[in-house]
Amino acid sequence: MDEYLRLCKGIILPIGSTEQHGPTGAIGTDFLTAEAIALEIGLLTGVLVAPAQCFGMAEHHLGFSGTMSLQPQTLLAVLHDLVLSLAGHGFERIYVVNGHGGNIATAKAAFSKAYVTAVARNLSVGSKLRCKLANWFMASEVFSEAQKLYGDSEGQHATPSEIAVTLHLEPTLIAKQRQLPTSAPVGPIYSAQDFRLRYPDGRMGSDPYLAKPEHGKTLLKKAAFALKEDLLNFFKAS
Ligand code: NI
């Protein structure tokens, strides 16, 4: 690791969530996808990839069994401590590949706190520490491919695009796929109880049965290429 740090002060950290993904999706969808895309970016760039942080802020999914959530303040503390660990070794650029929308606000708050702490602790990186959140599912190349493949059936949760990536990664999941009622509701997110009432089978506006493993292969490649460019720009910027 010391030798790596002499050559590169950047690292990729995948983060996801362990939460329900409808009746046919894997509980680990959000960390499996983030980790696979992070590893692909690592292959393309030679940048080191840290182990995935598999638990995220999924309080609103706790009405479904199997979901394991960190409260926002817990996730904030976890990400802050992971970033500070890396910063303490001399990492200056932490590129966080995220697979779960519910992590976005908390991750950004954790970065803000980490910048303060890095200076307060007099770490050698000090004010040179930079963190960037990359939500793979929001990359424009991924978004347009998902629109092309699925249109409005992409939805917002248990989406065919994320399910397709898991089918590509883990072919045993294909046997779990089946046709579900075609229209899943869309709307806001509040409590876990409210979520279960609004979205009875856990999906939000999506039709995951449209997902195919070959779509997942394409989406993974598109996400990795898009984020690779983003990472290289982030590492070059001041
Ligand atoms: Ni997901």
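Below, the structure is looked at part by part.

1. A short note on the overall build of the protein chain
Stage number 1. A count of helical and extended segments in the protein chain gives 8 helices and 4 strands.
Stage number 2. Taken from the N to the C terminus, the helices and strands of the protein chain come in the order α-β-α-β-α-β-α-β-α-α-α-α.
Stage number 3. What you see for the protein chain is a C-alpha radius of gyration of 18 Å, in line with the 18 Å of a compact globule of 238 residues.
Stage number 4. Within the protein chain, buried positions represent 51% of all 238 residues.
Stage number 5. Across the protein chain, contacts joining residues at least 24 apart in sequence account for 76% of those joining residues at least 6 apart.
Stage number 6. Only carbon and sulfur atoms are counted for the fraction: they give 58% of the accessible area of the protein chain, which is about 10900 Å².
Stage number 7. Here the protein chain carries 21 positive and 21 negative side-chain charges, and the mean point of each set is 5 Å from the other.

2. A closer look at the nonpolar core
Stage number 1. By size, the foremost hydrophobic cluster in this structure holds 58 residues, and its most contacted members are Ile37, Ile41, Ile94, Val97, Leu129 and Leu227.
Stage number 2. Counting residues per element, this core draws most heavily on helix H8 (residues 213-236), which supplies 8 residues.
Stage number 3. If we skip the residues at most four places from it in the chain, Ile41 touches Ile12, Gly46, Val97, Ala224, Leu227, Lys228 and Leu231.

3. Notes on the coordination of the nickel ion
Stage number 1. Every protein donor of the nickel ion is accounted for by His21 (NE2), Asp30 (OD) and Glu162 (OE), and the metal-donor separations fall at 1.9 to 2.2 Å.
Stage number 2. Since its relative accessible area comes to 2%, Asp30 is described here as buried.

4. Focus: the pattern of salt bridges
Stage number 1. Counted by the stated rule, this structure contains 8 salt bridges.
Stage number 2. For Lys221, the salt bridge is made with Glu40, and the minimal N-O distance between the two is 3.1 Å. Remark: Glu40 occurs in helix H2 (residues 29-45) and Lys221 occurs in helix H8; sequence separation between them is 181 residues.
Stage number 3. Taking relative accessible area as the criterion, Lys221 reaches 36% and is therefore assigned partly exposed.
Stage number 4. Assessed through its relative accessible area of 16%, Glu40 is described here as buried.
Stage number 5. Across the salt bridge formed by Arg203 and Asp201, the nearest N and O atoms sit 2.9 Å from each other.
Stage number 6. Look at Asp201 and you get partly exposed, because its relative accessible area is 23%.
Stage number 7. It is possible to trace a salt-bridge network through shared partners that takes in Glu145, Lys148 and Lys222.

5. Things to note about the pairing of strand S3 (residues 93-98)
Stage number 1. Among the 6 residues that make up S3, 6 are buried, leaving the element largely enclosed by the rest of the structure.
Stage number 2. Taking every second residue as pointing to the same face, both faces of S3 are buried, with Arg93, Tyr95 and Val97 on one and Ile94, Val96 and Asn98 on the other.
Stage number 3. As judged from the 6 bridges shared by strand S1 (residues 10-15) and S3, these two strands associate in the parallel manner. Bridge pairing in S3 places Ile11 opposite Ile94.
Stage number 4. By the bridge criterion, 6 bridges tie S3 to strand S4 (residues 130-135) in an arrangement that is parallel. By the bridge assignment, Ile94 is partnered in S4 with Cys131.
Stage number 5. Taken together, S3, helix H4 (residues 104-120) and S4 form a β-α-β motif whose crossover is right-handed.

6. Brief notes about the packing of aromatic side chains
Note on aromatic pairs: each is described by the distance of the centres and the angle between the planes.
Stage number 1. By the definition in use, this model includes 6 aromatic pairs.
Stage number 2. When the ring of Tyr4 is compared with that of Phe91, the centres are 6.2 Å apart and the planes differ by 40°; the resulting orientation is tilted. Here Tyr4, found in helix H1 (residues 2-7), pairs with Phe91, found in the loop between helix H3 (72-88) and S3; they are 87 residues apart in sequence, far enough to count as distant. Exposure class is identical for Tyr4 and Phe91. Each is buried.
Stage number 3. Three or more aromatic residues link up through ring pairs in this structure, and these residues are Phe64, Phe195 and Tyr199.
Stage number 4. The residue whose ring lies beneath Arg93 is Phe234, and the NZ or CZ to ring-centre distance is 5.8 Å.
Stage number 5. Note that Lys212 overlies the ring of Tyr209, its terminal NZ or CZ placed 5.9 Å from the centroid.

7. Concerning the environment of Ala139
Stage number 1. Summarising the element assignment, Ala139 is placed in the loop between S4 and helix H5 (140-150).
Stage number 2. Remark: the alpha-carbon pair of Ala139 and Gln179, spanning 40 residues in sequence, is separated by 28 Å.
Stage number 3. Leaving out residues up to four positions away in the same chain, Ala139 has contacts with Ala226 and Leu227.

Criteria and thresholds
- Residues numbered from 1 in each chain as written.
- Predicted model: local features only at pLDDT ≥ 70, side-chain atom pairs only at ≥ 80, totals over all residues.
- Heavy atoms only, no water.
- Helix = DSSP H or I, 4+ residues; strand = E, 2+ residues; numbered from the N terminus.
- Rg over C-alpha atoms; globule rule 2.2 N^0.38 Å.
- Buried < 20%, exposed > 50% of the residue type's maximum accessible area, 1.4 Å probe, protein only.
- Contact = heavy atoms within 4.5 Å.
- Areas by Shrake-Rupley, 256 points an atom, 1.4 Å probe, with all protein chains shown as cover.
- Lys, Arg positive; Asp, Glu negative; His and termini not counted.
- Charge placed at Lys NZ, Arg CZ, Asp CG, Glu CD.
- Core = buried A, V, L, I, M, F, W, Y, C linked by side-chain atoms within 4.5 Å.
- Donors = N, O, S within 2.8 Å, 3.2 Å for Na, K, Ca; no water.
- Salt bridge = Lys/Arg side-chain N within 4 Å of Asp/Glu carboxyl O.
- Pairing = 2+ DSSP bridges.
- Right-handed = clockwise from strand over helix to strand, strands pointing away.
- Phe/Tyr/Trp six-rings, centres within 6.5 Å; stacked < 30°, edge-to-face > 60°.
- Lys NZ or Arg CZ within 6 Å of the ring centre and 35° of its normal.

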